[in-house]
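Residue-level structure breakdown
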Protein chains: 2
Amino acid sequence: MTSSGEQTERATRWLSTEQQRHWRAFRNGVALLMDTLGRELEDESGFSLHEYEVLVRLSEAPDRRMRMSELASGIGHSRSRLTHTIARMEAAGLVQRRTCSSDLRGVDCALTDTGFQRLVEAAPGHVESVRAHLVDVLSDEQLAALGEAMAVVEHRLRETPER
Amino acid sequence: MTSSGEQTERATRWLSTEQQRHWRAFRNGVALLMDTLGRELEDESGFSLHEYEVLVRLSEAPDRRMRMSELASGIGHSRSRLTHTIARMEAAGLVQRRTCSSDLRGVDCALTDTGFQRLVEAAPGHVESVRAHLVDVLSDEQLAALGEAMAVVEHRLRETPER
DNA sequence: ACTGATTCGTTGAACTTTCTACTACACTCG
DNA sequence: CGAGTGTAGTAGAAAGTTCAACGAATCAGT
């Protein structure tokens, strides 16, 4: 809109047949896998994958408590979304909100004993699912390749300032 | 509940440290990647990844039309969800519903010229995103490993009768 | 043909997630 | 100090998804 009028037409660098095949396999496989893991977790323990993730993070935090925003950015949810999720989980007695001592704006979210207990009960079944559909289906090398590739992807995405 | 009372207590086969590391990297990486691709697509073309997927499938179908249920199972959405999605897309003029000639229960979903046009406009940007955050970030071998591993996962999930 | 079971797609309500606006506190710089 | 700017969390409305129930068409068995 400034000087050049039309932005330079650059030919799209389409994916090669192979690349497209792999990308689609990845996309479809991930969707189906996550869907399945989510449904199985839901059936067996009543948690969604998101709630489970919250429980896991809290259980591993010092004192089993964490600030809302840490929790949110850690699992990549919006602050708003986490507020709603935690509200539901608090109503269910899984977590408890406390005012944060060091920063009066902040709120700490603490795992209750009930919440921890329910996580302990849910974990074995979930691990079984992950094994059955991912870990035990692949060779050690394949799993490692998967993990390492996605670590690179994540690292790049986090280091990039923005786009 | 029948004979044995307690079901046999079997020790949970937890993941090894390495396995857990890879599984988490996979989970986090996938979440962040898909999130980013979705947001970029949304910003550039106004489509969600789901809508985009619908457009792609239709554009590749013979006659650019497909039965609702084929479409739904192809992309792994519930029939209900697809109904709602297609309703919105139809209101936006991207697709059109027609009665299916061979089966009066069925409904065919056809891509409109507008829909095809909008897909053509959206595609280059999306491919750029996929390259920037996945394809060009990995070696050919890594991408191939990713695709092949997930193809195995998907295949296993589809062949299993149910769980 | 007739009956019952099944599949197709839709509907509306309940629920979850996203988006936007808002309050309160913290930090910083004159 | 105190005005301006940024950050933490929340709240409610809008958008999207899931769930259960339904009407219509097909299929299988008699």
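Keep in mind that this is a model prediction, so the values were computed, not measured. (Residues numbered from 1 in each chain as written. Chains lettered and ligands numbered in written order. Predicted model: local features only at pLDDT ≥ 70, side-chain atom pairs only at ≥ 80, totals over all residues. Heavy atoms only, no water.)

1. Thoughts on the interface of chain A and chain B
Which entries qualify depends on this criterion: By definition in these notes, contact holds between two residues if any of their heavy atoms fall within 4.5 Å. By definition, the buried area sums, over both parts, the 1.4 Å-probe accessible area that each loses when the two are put together. Definition used for salt bridges: Asp or Glu carboxyl oxygen within 4 Å of a side-chain nitrogen of Lys or Arg. Here a polar contact is taken to be a pair of N or O atoms separated by no more than 3.5 Å, where protein atoms must pair a possible hydrogen donor with a possible acceptor and residues adjacent in sequence count only if both atoms sit in side chains. Every helix listed is a DSSP run of H or I at least four residues long, and every strand listed is a run of E at least two residues long, numbered separately from the N terminus. Each residue gets one of three labels, nonpolar for Ala, Val, Leu, Ile, Met, Phe, Trp, Tyr, Cys and Pro, charged for Asp, Glu, Lys and Arg, and polar for the others, Gly among them.
Taken together, the contact pairs 59 residues of chain A with 59 residues of chain B. Both sides of the chain A and chain B interface together cover about 5,600 Å² of buried area, and 65% of this is carbon and sulfur. Where chain A packs against chain B, one counts six salt bridges. Note that Glu-53 of chain A is salt-bridged to Arg-27 of chain B, the shortest N-O span being 3.5 Å. Applying the counting criterion to the chain A and chain B interface returns nine residue pairs in polar contact (both at pLDDT 80 or more). Going through the elements one at a time, helix 1 (17–45), helix 2 (49–60), helix 5 (113–133) and helix 6 (140–159) of chain A are the ones with two or more residues in the side of chain A that touches chain B. When grouped by side-chain class, the residues that make up the side of chain A that touches chain B number 31 nonpolar, eleven polar and 17 charged.

2. Quick word on the protein's contact with DNA strand D
This is how it is decided: A molecule or strand has a residue near it when one of that residue's heavy atoms lies within 4 Å.
Every one of the 20 residues lining DNA strand D counts as a neighbour, but Ser-69 and Val-107 of chain A together with Ser-80, Arg-81 and Arg-88 of chain B are closest to it. Within 4 Å of the protein, atoms of DNA strand D come from sugar and phosphate in 67% of cases. The side chain of Arg-67 of chain A places a nitrogen or oxygen atom 3.1 Å from a sugar or linking oxygen of DNA strand D. Contact between DNA strand D and Met-68 of chain A: a phosphate oxygen at 3.4 Å from a main-chain N or O atom of the residue. Elements represented by at least two residues in the surface near DNA strand D include exactly helix 3 (68–75) and helix 4 (79–91) of chain A together with helix 4 (79–91) of chain B. Broken down by element, the surface near DNA strand D gets its largest block of residues, five residues, from helix 4 of chain B. In the surface near DNA strand D, the residues fall into three nonpolar, nine polar and eight charged.

3. Some points on the environment of Leu-37 of chain B
Note that Leu-37 of chain B resides in helix 1 (residues 17–45). Along the backbone, Leu-37 of chain B and Thr-83 of chain B are 46 residues apart, and their C-alpha atoms lie at a distance of 24 Å. When sequence neighbours within four positions are dropped, the list of residues in contact with Leu-37 of chain B reads Trp-23 of chain A together with Ser-129, Val-130 and His-133 of chain B.

4. Looking at the packing of aromatic side chains
Cut-off, in case you're wondering: Note on ring pairs: Phe, Tyr and Trp rings are taken, using the six-membered ring of Trp, and paired if centres are within 6.5 Å. Classes follow the plane angle, with under 30 degrees stacked, over 60 edge-to-face and the rest tilted. Charges are assigned to positions over rings by a cutoff of 6 Å between ring centre and Lys NZ or Arg CZ, combined with an angular limit of 35 degrees from the ring normal.
Per the stated rule, a full pass over the model turns up two aromatic pairs over all chains. The ring of Phe-116 of chain A carries Arg-64 of chain A above its face, with NZ or CZ at 3.6 Å from the centroid.

5. Description of the relation of the copies chain A and chain B
For the record, the criterion: C-alpha atoms of residues with pLDDT of at least 70 in both copies form the basis for the least-squares superposition of the copies.
Overlay of chain A on chain B (RMSD 0.0 Å): rotation 180°, translation along the axis 0.0 Å. Put plainly, the chains are arranged around a two-fold axis. Within chain A, Leu-146 of chain A has its C-alpha nearest the rotation axis, a separation of 2.9 Å.

6. A word on the protein's contact with DNA strand C
Taken together, 20 residues surround DNA strand C, and among them Ser-80 and Arg-88 of chain A together with Ser-69, Thr-83 and Arg-97 of chain B come closest. Within 4 Å of the protein, atoms of DNA strand C come from sugar and phosphate in 70% of cases. Note that a base oxygen of DNA strand C is positioned 3.1 Å from one of the side-chain N or O atoms of His-84 of chain A. One nitrogen or oxygen atom from the side chain of Arg-79 of chain B is found 3.1 Å from a base nitrogen belonging to DNA strand C. Secondary structure elements with two or more residues in the surface near DNA strand C: helix 4 of chain A together with helix 3 (68–75) and helix 4 of chain B. It is helix 4 of chain A that contributes the most residues to the surface near DNA strand C, five residues altogether. Residue composition of the surface near DNA strand C, by class: three nonpolar, nine polar and eight charged.

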